[in-house]
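Geometric and topological summary
Here are the chains, one letter per residue:
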Amino acid sequence: QVQLVESGGGLVQPGGSLTLACATSGFTFSSSFMSWYRQPPRKERELVATISSTNYTRIYADSVKGRFTISRDNTKNTVYLEMISLDPKDTALYYCRAQVGLQIYWGRGTQVTVSS
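Every chain is numbered on its own, with residues counted from 1 as its sequence reads. Under the rules for a predicted model, residues below a pLDDT of 70 receive no local features and side-chain atom pairs below 80 are neither given nor counted, while totals for whole chains, interfaces and linings still include all residues. By convention in this description, side-chain values take in all heavy atoms of the structure and omit both hydrogens and water.

Remarks on the state of the cysteines
- By definition, disulfides here are pairs of cysteine sulfur atoms that lie within 2.5 Å. Summed over the entire model, instances satisfying the criterion amount to one disulfide.
- Two residues share a disulfide in this structure: cysteine 22 and cysteine 96, whose sulfurs sit 2.2 Å from each other. What sets the handedness of the cysteine 22 and cysteine 96 disulfide is the S-S torsion sign, and at about -85° it is left-handed. Residue cysteine 22 is found in strand β3 (residues 18–25), and its partner cysteine 96 is found in strand β9 (residues 92–100); the two are separated by 74 residues along the sequence. With respect to burial, cysteine 22 and cysteine 96 carry one shared label: buried. A run of DSSP states H or I qualifies as a helix once it reaches four residues; a run of E qualifies as a strand once it reaches two. Both are numbered from the N-terminal end. Relative accessible area decides the class of each residue, using a 1.4 Å probe on protein chains only: under 20% of the type maximum gives buried, over 50% gives exposed, and in between gives partly exposed.

Focus on unusual backbone geometry
- Backbone geometry places arginine 42, a non-glycine residue, at a positive phi of 65°.
- Here arginine 42 shows up in the loop between β4 (33–39) and β5 (46–51).
- One non-glycine residue, tyrosine 56, adopts positive backbone phi at about 55°.
- Structurally, the position occupied by tyrosine 56 is in the loop between β5 and β6 (58–60).

The analysis is restricted to geometry; functional conclusions fall outside its scope.
And the structure:
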């Protein structure tokens, strides 16, 4: 019943911009702690950014800080990841993650490829 569906991935040139969206359903989105993770080819999955449910506190990985912005729209049950100044090192499968209490939910991922 819980669904997290990422969208917005694709091919972008270095220095370009891309915005990902994660549309959710089946849980109380406004009470959730939302995150974006990514998994580059042949590497482990890593945390990209988080946004809290109440205070909208944002935390970013050092590798993306200043370039990526996480946001949420509780009226649309959607979390976003705005990415600018993209680098080939940002190439990865990007996953949306929700935490509600002790429950963890994952989306299926969307591919971001940064290449000329």
